[in-house]
Amino acid sequence: MKTIKILAFAAAATMLVACGPKGGNATADGADSLGVKKEVVKKASELKPSKAMTDSVSYLLGYVFSGYIKNYNFGNEINYGKLKAGLQDFLNAKAAPGTPDFEKEVKISPEKLEDLFNRFLAQRFEYLKALNGEEGQKFIAKSLKNGYEQTASGLLYKISNPGSERKIKVTDTLEVNYKGTFIDGSIFDQSTPERGPIKFVVGPNSVIRGWIEAVQLVGEGGALSVVIPAELAYGPQGRQGIEPNKTLLFDMEIVSVKPLIVPEVTEEAENEIKK
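Conventions we followed
Residues numbered from 1 in each chain as written. Predicted model: local features only at pLDDT ≥ 70, side-chain atom pairs only at ≥ 80, totals over all residues. Heavy atoms only, no water. Core = buried A, V, L, I, M, F, W, Y, C linked by side-chain atoms within 4.5 Å. Buried < 20%, exposed > 50% of the residue type's maximum accessible area, 1.4 Å probe, protein only. Helix = DSSP H or I, 4+ residues; strand = E, 2+ residues; numbered from the N terminus. Contact = heavy atoms within 4.5 Å. Salt bridge = Lys/Arg side-chain N within 4 Å of Asp/Glu carboxyl O. Pairing = 2+ DSSP bridges. Expected span 1.5 Å × (residues − 1). Bend = angle between axes of the 7 residues up to and from the residue. 1 Å grid on protein atoms, 1.4 Å probe; cavity = no way out; pocket = protein on both sides within 12 Å on 5 of 7 lines; lining within 4 Å. Points joined across faces, edges and corners; volume = space filled by probe spheres on them. Nonpolar A, V, L, I, M, F, W, Y, C, P; charged D, E, K, R; others polar.

1. Some remarks on the nonpolar core
Leu174, Trp211, Val215, Val226, Ile228, Phe250 and Met252 are the most contacted members of the largest nonpolar core, which totals 26 residues. Counting residues per element, the ones that place at least two in this core are β3 (173–181), α7 (209–215), β6 (223–228) and β7 (248–258). For this core, the element with the highest residue contribution is β7, accounting for 5 residues. The residues touching Met252, leaving out its near neighbours within four places in the chain, are Val176, Asn177, Tyr178, Trp211, Ala214, Val215, Gly222, Ala223, Leu224 and Val226. Of all hydrophobic cores here, the second largest spans 5 residues; its members include Ile140, Tyr148, Val227 and Leu249.

2. A few points about the pattern of salt bridges
All chains considered together, the criterion is met by 8 salt bridges. Here Arg195 and Asp189 are joined by a salt bridge, their closest N and O atoms 3.6 Å apart.

3. Digging into the pairing of strand β2 (residues 156–161)
Where strand β1 (residues 149–150) meets β2, 2 bridges bridge the pair, whose relative direction is antiparallel. Directly across from Glu149, in β2, lies its bridge partner Tyr157. With antiparallel pairing between neighbouring strands as the criterion, β1 and β2 make up a hairpin whose turn holds 5 residues, including Gly154 at a positive phi of roughly 110 degrees.

4. Regarding helix α3 (residues 51–71)
Taking 1.5 Å per residue, 21 residues should reach 30 Å; α3 reaches 31 Å between its end C-alpha atoms and fits that length. Along α3, the sharpest change in direction is near 25 degrees and occurs at Phe65. Positive phi shows up at Asn73, right after α3, with a value of about 55 degrees.

5. Thoughts on empty space enclosed by the protein
This structure, assessed with the given rule, holds 1 cavity of 30 Å³ or more. Classifying every residue of the lining of the largest cavity gives 1 nonpolar, 4 polar and 2 charged.

Dropping the structure here:
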């Protein structure tokens, strides 16, 4: 687009010179008799993109493609040597993509891509489900030896501050500061000063089952650490960012508790409602 603008500007300049006052034979260096500067023709070697520019574009192509790899969590599994070989085979193929001759030049038929890709994802899902279940059970057994108590549902907890005497109840509205980690210590979610504490009503479908049970163990101002088995969290299906059968750890602090206030209905109001 810049080239088009430059050419348009040059054309306009030519018209202005042609329509302008004539006189004098003096011309600018490198210009013709009309005063229009001649275009300097550069050699091909001067126009070739530099190595630095080519390296930057190569990096950005990898950056863009890596988004696809990251979205499917392939980072730790991809054989990057095979990835490079696939790129080279495609680029070096003589036949046009989609033709029988093209498929002969690459090691795996592109027609098999969708089936192979889906089978890989399904098998990896089952593997992660089994692996996370096994690791979760080991971590729970270890936590029980390290001072955690366990409820009948399987929730593990360790209370550092019991808070107020009134325990939290279903229908209470809470504000909670928290930090959620996996058993390897990596943080997957947490409240921040910018976001503030999470606010929710204690009850079904508000937060995961492990949270509903955990907050009822303390009162306002209370703090505790919990280990939530997968069946009290996101279960064998997991969710975005959390693998299937993942055991979750939370440090929780109850910032505020607001009990549900049921409006008092007077006898006069009841009569009005019945009308």
